[in-house]
Amino acid sequence: MMDAFEMLQELLAQGQFELILPEAFETAKLMDKLRLVYLMNDAVESFLVFHQVKMTGSYQSDYEGELDASLQKDGDGYVLSVWQGECVVTLFFKRLELEVHLYEYSGIGHFWMKGDEDLRVLEYQIAILRDKYHYLGEEYCTEKERQLASLADFPPLNACSYPAVPKQYRVGSEDLKEVAPEAIKLMEAFAVQTQDRELIQLLRLYECFPKPVIAKQIAKLLKKKKHKKITQLISECLKEENKKYPRRTFSKEADKNLNQLLKKAEAERLELNKKGIRAEVFREEPFTMAQDDLDFHVYLLIWQNGWHKKRVTVEEIK
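Now for a description of the structure that goes with this document. For clarity, every value in this text was computed on a predicted model and none was experimentally measured. (Residues numbered from 1 in each chain as written. Predicted model: local features only at pLDDT ≥ 70, side-chain atom pairs only at ≥ 80, totals over all residues. Heavy atoms only, no water.)

For the rest of this paragraph, the subject is the state of the cysteines. For the structure on display, the rule yields zero disulfides. Not part of a disulfide, Cys-141 finds its nearest cysteine sulfur in Cys-237, a span of 15 Å. Judged by relative accessible area, Cys-141 falls into the buried class, the value being 6%. (Disulfide = S-S within 2.5 Å. Buried < 20%, exposed > 50% of the residue type's maximum accessible area, 1.4 Å probe, protein only.)

Take a look at the structure:
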């Protein structure tokens, strides 16, 4: 587990410096605290918090270029200077701490890419779980989450095969040759639990020969209705681990509007269930901090079996 100063150095090395300025912000005025975004996704909102801080210079909130930075000890405090191109912003502060808010993410679904939406939702949830584990450490994950995070390095299910976001927004490797042995083992355990013999055999072959051609074969199997139990089981595991995390809350009016949409979606889900059609409710919501607006979306992900492949449709609830 890195300390807050190591996390700050990591952010700056990555060219990341996004401050959350208070509404009544004044340059050079002493503030109790000032937040710097560390990791923000649907699973976690985390910040590095400068305490007893003054800011001078010019901060460019929309700057996207390279950064240069200097951190020095100054008596009983610290001085951080960050150059954004020709502009420099300087923070004088007494203490730096990590602030973390964990949230339920198994009910979050984004539908930016068409086709195989169920697999893309799963890929997205595993990816943000892996980021939580990687950036914050094991103390912010359950034991089962730490195991599930390994599936981010399983090419038949990750962004190599079922990316959740368009290519220009993807981060990290998409090399079919890069597979984590522990991810294969975990998938084998799920396949055994669902008694999927065909997939068990292919996974054991993949374990011995982790080649892209086998990864592609497994990815194709995951699309078929006869193998749907394994991805549904992974999804259920994520839901079970998410029970300990709270949902985000907003204003009273915003929460009311979102809950009305969720209630309507749940009623439709139950009606489909009576007809033997499986459906699941997903939502999109803003962050509690650094939110641009309170724009909510609620969806039904609906499974209808074809002859061989799953047919998945997405319906937005209005």
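Despite not being glycine, Gln-52 shows a phi value in the positive range, around 50°. Inspection of the secondary structure assignment puts Gln-52 in strand β3 (residues 44-57). Classification of Gln-52 by relative accessible area gives partly exposed; the value is 35%. Not every positive phi belongs to a glycine, and Gln-195 is a case in point at roughly 55°. Residue position: Gln-195 is located in the loop between α4 (181-193) and α5 (197-208). Residue Gln-195 is classed as exposed on the basis of its relative accessible area, which comes to 67%. (Helix = DSSP H or I, 4+ residues; strand = E, 2+ residues; numbered from the N terminus.)

The antiparallel open sheet is built from three strands, whose spatial order is β8-β9-β10. One side of each edge strand has no neighbouring strand; the edge strands of this open sheet are β8 (278-284) and β10 (310-317). In this sheet, neighbouring strand axes are inclined to one another by 25° on average, regardless of whether the strands run parallel or antiparallel. With seven bridges connecting them, β8 and strand β9 (residues 297-305) associate as antiparallel partners. (Pairing = 2+ DSSP bridges. Axes fitted to C-alpha atoms, helices over the stretch in contact; angles between N-to-C directions.)

Before going further, it helps to examine the layout of surface pockets. Take a probe with the size of a water molecule and roll it over the atoms, and the empty space left behind shows itself. For the second largest pocket, the calculated volume is near 290 Å³. Residue lining of the second largest pocket: 14 residues in total, with Gly-15, Gln-16, Phe-17, Tyr-63 and Glu-64 positioned closest to the centre. Residues belonging to the lining of the second largest pocket are distributed by class as follows: four nonpolar, seven polar and three charged. (1 Å grid on protein atoms, 1.4 Å probe; cavity = no way out; pocket = protein on both sides within 12 Å on 5 of 7 lines; lining within 4 Å. Points joined across faces, edges and corners; volume = space filled by probe spheres on them. Nonpolar A, V, L, I, M, F, W, Y, C, P; charged D, E, K, R; others polar.)

With that settled, the discussion passes to the environment of Val-49. As for its position among the elements, Val-49 is in strand β3. What makes Val-49 buried here is its relative accessible area of 2%. Val-49 sits 114 residues away from Pro-163 along the chain, and the two C-alpha atoms are 33 Å apart. Aside from chain neighbours lying at most four places away, what touches Val-49 is Lys-33, Leu-34, Arg-35, Arg-95, Leu-96, Glu-97 and Glu-99. (Contact = heavy atoms within 4.5 Å.)

The next subject is empty space enclosed by the protein. Counted by the stated rule, this structure contains one cavity of 30 Å³ or more. Quantified by volume, the largest cavity comes out at close to 150 Å³. What lines the largest cavity is a set of 15 residues, among which Asp-118, Thr-231, Ser-235, Glu-280 and Trp-303 lie closest to the centre. Listed by contribution, the elements that provide at least two residues to the lining of the largest cavity are α2 (117-136), α7 (228-242), β8 and β9. A class-by-class count of the residues in the lining of the largest cavity yields five nonpolar, five polar and five charged.

In this model, α5 (12 residues) spans 17 Å end to end at C-alpha, consistent with the 16 Å of a helix rising 1.5 Å per residue. If you check which residues of α5 are buried, you get Leu-199, Ile-200, Leu-202, Leu-203 and Tyr-206. Considering only its buried residues, α5 is in contact with α4, α6 (212-221) and α7. (Expected span 1.5 Å × (residues − 1).)

Following both chains from N to C, one finds α4 and α5 inclined at 165°, their axes separated by 9 Å at the closest point. For the element pair α4 / α5, the angle class is roughly antiparallel. Read as a crossing pair, α4 and α5 show a hand that is left-handed. Taken together, the residues of α5 that come into contact with α4 (itself represented by Ile-184, Lys-185, Met-187, Glu-188, Ala-191 and Val-192) are Leu-199, Ile-200, Leu-203, Arg-204, Tyr-206 and Glu-207. Classifying every residue of the contact of α4 with α5 by side-chain character gives eight nonpolar, no polar and four charged. (Parallel < 35°, antiparallel > 145°, perpendicular 65-115°, else oblique. Left-handed = near helix turned anticlockwise from the far one by under 90°.)

To continue, consider the pattern of salt bridges. This structure, assessed with the given rule, holds 23 salt bridges. The salt bridge involving Glu-145 is made with Lys-132; its shortest N-O contact spans 3.1 Å. One end of the pair, Glu-145, is in helix α3 (residues 143-148); the other, Lys-132, is in helix α2, and 13 residues separate them in sequence. Of the two residues, Glu-145 and Lys-132, both sit in the buried class. One salt bridge connects Glu-188 with Arg-204, and the closest N-O pair in it is separated by 3.8 Å. Note that Glu-188 is positioned in helix α4 and Arg-204 in helix α5, a separation of 16 residues in sequence. In this structure Glu-188 comes out as buried when scored by relative accessible area, which is 8%. Residues joined by salt bridges that share partners form a network here, namely Glu-45, Glu-104, Arg-248, Arg-283 and Glu-285. (Salt bridge = Lys/Arg side-chain N within 4 Å of Asp/Glu carboxyl O.)

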